[in-house]
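# Structural overview for review
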Amino acid sequence: MANELTSRATDYAQWYNELILKGGLADYSAVRGCMVIKPYGYTLWENMRDVLDKMFKDTGHVNAYFPLFVPKSFLEKEEGHAEGFAKECAVVTHYRLKTDPNNKGKLMVDPDAKLEEELIVRPTSEAIIWNAYKDWIQSYRDLPLLINQWANVVRWEMRTRLFLRTAEFLWQEGHTAHATAEEAIEEAEKMLHVYGDFVENYMALPVIKGIKTPNERFAGALETYCIEALMQDGKALQAGTSHFLGQNFAKAFDVKYLTKENKQEFVWATSWGVSTRLIGALVMAHSDDQGLVIPPRIAPLQVVIVPIYKGPEQKALVDEKVNAIVAGLKANGISVKYDDSENTRPGWKFAEYELKGVPVRIAIGQKDIENGVVEVARRDTKEKQSVPAADLIEHVKFLMTDIQQNLYNRALAYRDSHITEVNSWEEFKQVLNEKGGFIAAHWDGTPETEDKIKEESKATIRCIPLNNQPEEGVCVFSGKPSKQRVLFAMAY
RNA sequence: CGGGACGUAGCGCAGCCCGGUAGCGCGCUUGCAUGGGGUGCAAGAGGUCGCUAGUUCGAAUCUAGUCGUCCCGACCA
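Remember, it's a predicted structure, so these values are computed and weren't measured experimentally.

## Describing the packing of helix α2 (residues 39-58) against helix α6 (residues 181-201)
- Running from amino to carboxyl end, α2 crosses α6 at an angle of 145 degrees, the nearest separation of the two axes being 11 Å. The element α2 and its partner α6 pack so that their crossing is right-handed. Counting all contacts with α2, which are made through Met 48, Val 51, Leu 52, Met 55 and Phe 56, the residues of α6 involved are Met 191, Val 194, Tyr 195, Asp 197 and Phe 198.
- Class assignment for the residues of the contact of α2 with α6 results in nine nonpolar, no polar and one charged.

Here you go:
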């Protein structure tokens, strides 16, 4: 057993890391906190990106690209924004190296090449984008401006974790400008629903849509909407955010437009983003002790075929059958790999593709050909069954939707059984420590109480759900009156 | 930024206490057999022991320093 995995029960964090590394999604790099996304992981990201990109375009957005560097003075302009990101910025101070005269063969920063103004490697692009929008927006006719960017950003995190929090990560950031507050709010909510649809329908991961408390808001936002998902260890993970930025950035960058009535008004803004962190969510939500489990709709590889044979004659026979299957699956838009490599045997391949989370595995050998069947194994339940060769394509098509649905149902059942209503502080701490998951509890609405709860329990308010029902009650911590329950959890 | 580990072959590790020509497993190469759940046998290739300085006839091993990475916490997508 070359690839024995740590089980979830033994060490959840280590299990997660091993899955990423051994499953071939990513690797540590030579740069602290930065990872190499390997082809298998990058294909997964491409699949996710392609779906999202289409969803953005279907809702009227277009893509553009803005600079990697943000002049320091731009970042300063929106105060809350600057404060939020200042502590984790990579800063470019020089533009040239030279050979070190005192240390042969070594390079040094050329002190004569100091930049007049430091450039910040973007931690997010509001500043550089709003500086551009200033010139793009003159009239109400220029609005709304609906732009998305696919990019990398850098946040110099103190502690990093593969996919969940890396110093550099890939994401998309939408930045829109609107004539009215109502329209901007509508946009922020619309994109939250796009994210929710994507995560639920493609990643098979149920989410709770809600708004953040002021404490947890994005730096510079008036309202932050979020989707929250629950991982198998009972911790919550923020899977995406959408912000109503008010006129903060318009005022900071002096972006005004003329109304029909010929009056100058500041524009209203939103921004929204999801990142490669979603891959971390995917891994933690569905995978098991045998390896990754990837939903068919975004899987880098949907079907793998393993031949079983003795000698070249049988191989030729199997090849012939497999080639027809491969053509049939491809014709139906299903990605498939025929792994007839000689260097590993069938058993090894079975284990390997389970580790990589390929949704469906087909094995075909002499016995199957004689019986007119193929062996089909599904990754989610690990069930194996013999399927008549004639029905194979239809059966695989069925499995693609059935596995997708099963993964969603499984995650939903887990999530729903881990939302616990509590009515006292004792109960709160007990559920948090013994069961985990979301805790629905009354909160008095003050940041002070929120902070104290966090201090004492390490739980944070993940969100105030959008579909919340009003309910009279008293805060579990302070005993003060409350009008609704909010969701607490330990979070990534 | 606090705490804890670790840097020796592509990967995982032993050797270090007690200094004396660098080893094991996996992987890799070649061949033969094998092939329905991580294959067996045989022969090979592969390492400035993180870096620097010191002690010593001699350092992977002792001393000092330094760099880096990972894990756990606080902060964050």
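## Structural notes on the pairing of strand β9 (residues 145-154)
- For β9, the tally of buried residues reaches nine of 10 residues, placing the bulk of the element in the interior.
- Where β9 and strand β10 (residues 168-178) come together, 10 bridges link them in antiparallel fashion. Its bridge partner being in β10, Gln 149 is matched across the sheet by Glu 173.

## Regarding the environment of Ala 179
- As for its position among the elements, Ala 179 is in the loop between β10 and α6.
- Measuring from C-alpha to C-alpha, the distance between Ala 179 and Arg 141 comes to 9.4 Å, with 38 residues separating the pair along the chain.
- Filtering out sequence-adjacent residues up to four positions away, Ala 179 remains in contact with Leu 143, Tyr 257 and Trp 268.

## Some points on the protein's contact with RNA strand B
- The immediate surroundings of RNA strand B are formed by 44 residues, with Arg 32, Arg 159, Arg 277, Arg 345 and Asp 368 found nearest.
- Restricting the count to atoms of RNA strand B within 4 Å of the protein gives a sugar and phosphate share of 42%.
- One nitrogen or oxygen atom from the side chain of Arg 361 is found 2.7 Å from a base oxygen belonging to RNA strand B.
- Sorting the residues of the surface near RNA strand B by element identifies α1 (12-22), α10 (346-355), β19 (360-365) and α11 (366-371) as the ones contributing at least two each.
- For the surface near RNA strand B, the element with the highest residue contribution is α10, accounting for seven residues.
- Of the residues that constitute the surface near RNA strand B, the class distribution is 15 nonpolar, 10 polar and 19 charged.

## Describing the nonpolar core
- In this structure, Leu 25, Met 48, Phe 198, Met 203, Met 231, Phe 428 and Phe 488 are the most contacted members of the largest nonpolar core, which totals 76 residues.
- Of the residues forming this core, the biggest block, nine residues, is contributed by α6.
- Excluding residues within four positions of it along the chain, Met 48 makes contact with Phe 198, Met 203, Leu 278, Ile 279 and Ile 298.
- In this structure, Phe 85, Ile 128, Ala 179 and Ala 269 belong to the second largest nonpolar core, which totals 30 residues.

## Concerning the domain arrangement of chain A
- Domain boundaries assigned for chain A yield domain 1 (12-67 + 135-286), domain 2 (301-398) and domain 3 (419-489).
- For domain 1 versus domain 2, the distance between C-alpha centres works out to 38 Å.

## Looking at a nonpolar patch on the surface
- Judged by side-chain polarity, Leu 97, Leu 107 and Val 109 come together as a nonpolar surface patch covering roughly 290 Å² of accessible area.
- Structurally, Leu 107 is set in strand β7 (residues 107-109).
- Overall, Leu 107 belongs to the exposed group, its relative accessible area being 58%.

## Notes on the side chain of Arg 379
- Within the fold, Arg 379 resides in the loop between β20 (373-378) and β21 (384-388).
- Residue Arg 379 is classed as buried on the basis of its relative accessible area of 3%.
- A polar contact is formed between the side chain of Arg 379 and the backbone oxygen of Gly 291, at a distance of 3.3 Å.
- Polar contacts involving the side chain of Arg 379 include one to the main-chain carbonyl oxygen of Glu 354, which spans 2.8 Å.
- Other than its neighbours up to four places away in sequence, Arg 379 contacts Asp 288, Gln 290, Gly 291, Leu 292, Val 293, Glu 354, Gly 357, Val 358 and Pro 359.

## Structural notes on the sheet that holds strand β18 (residues 336-338)
- Read across the sheet, five strands follow the order β18-β17-β19-β20-β21 without closing on themselves; strand pairing throughout is mixed. Of all the strands in the sheet, just β18 and β21 have a single pairing partner and so form its edges. Averaged over all pairs of adjacent strands, the angle between their axes in this sheet comes to 25 degrees, without regard to strand direction.
- Bridge count for strand β17 (residues 303-308) against β18 is three bridges, and the pairing is parallel. Residue pairing in the sheet places Ile 305 in a bridge with Tyr 338 of β18.
- Here α10 sits on the sheet and contacts β17, β18 and β19; the angle it forms with β17, its principal contact strand, is near 170 degrees.

Each value, and the rule that gives it
- Residue positions are given per chain, counted from 1 along the sequence in the order it is written.
- A letter from A marks each chain and a number from 1 marks each ligand, given out in the order of writing.
- Per-residue local features of the predicted model are confined to residues with pLDDT of at least 70, and side-chain atom pairs are confined, for both listing and counting, to 80 or more; whole-chain, interface and lining totals are unaffected and use all residues.
- Based on all heavy atoms of the structure, the side-chain values leave hydrogens and waters out of the count.
- Note on definitions: angles span 0 to 180 degrees between N-to-C directions of axes, and those axes are lines fitted to C-alpha atoms, for helices only across the stretch in contact.
- Numbered from the N terminus, helices here are DSSP runs of H or I no shorter than four residues, and strands are runs of E no shorter than two.
- Two helices crossing with the near one rotated counterclockwise from the far one by less than a right angle form a left-handed crossing, whereas a clockwise rotation gives a right-handed crossing.
- We call two residues in contact whenever any of their non-hydrogen atoms come within 4.5 Å of each other.
- Polar here means any residue outside two lists: the nonpolar Ala, Val, Leu, Ile, Met, Phe, Trp, Tyr, Cys and Pro, and the charged Asp, Glu, Lys and Arg; Gly therefore counts as polar.
- Relative accessibility decides the category of a residue: with a 1.4 Å probe and only protein chains considered, values under 20% of the type maximum give buried, values over 50% give exposed, and everything between is partly exposed.
- Two strands are said to pair when DSSP picks up at least two bridges between them.
- Only heavy atoms are used to decide nearness, and a residue is near a molecule or strand if one of them lies within 4 Å of it.
- We define a polar contact as two N or O atoms separated by no more than 3.5 Å, with the added condition that, inside protein, one atom must be a possible hydrogen donor and the other a possible acceptor, whereas residues neighbouring each other in sequence contribute only through side-chain atom pairs.
- Among buried residues, the Ala, Val, Leu, Ile, Met, Phe, Trp, Tyr and Cys ones that are joined through side-chain atoms within 4.5 Å form a nonpolar core.
- Here the bounds of each domain stem from an automatic or database domain assignment.
- Patch rule: a residue counts if its relative accessible area is over 30% and it has no salt bridge; like charges are joined within 9 Å, and nonpolar side chains (Val, Leu, Ile, Met, Phe, Trp, Tyr) within 5 Å.
- Areas reported here follow the Shrake-Rupley algorithm with a probe of radius 1.4 Å; residue values treat only the protein chains shown as occluding.
- The term salt bridge refers to a side-chain nitrogen of Lys or Arg lying within 4 Å of a carboxyl oxygen of Asp or Glu.

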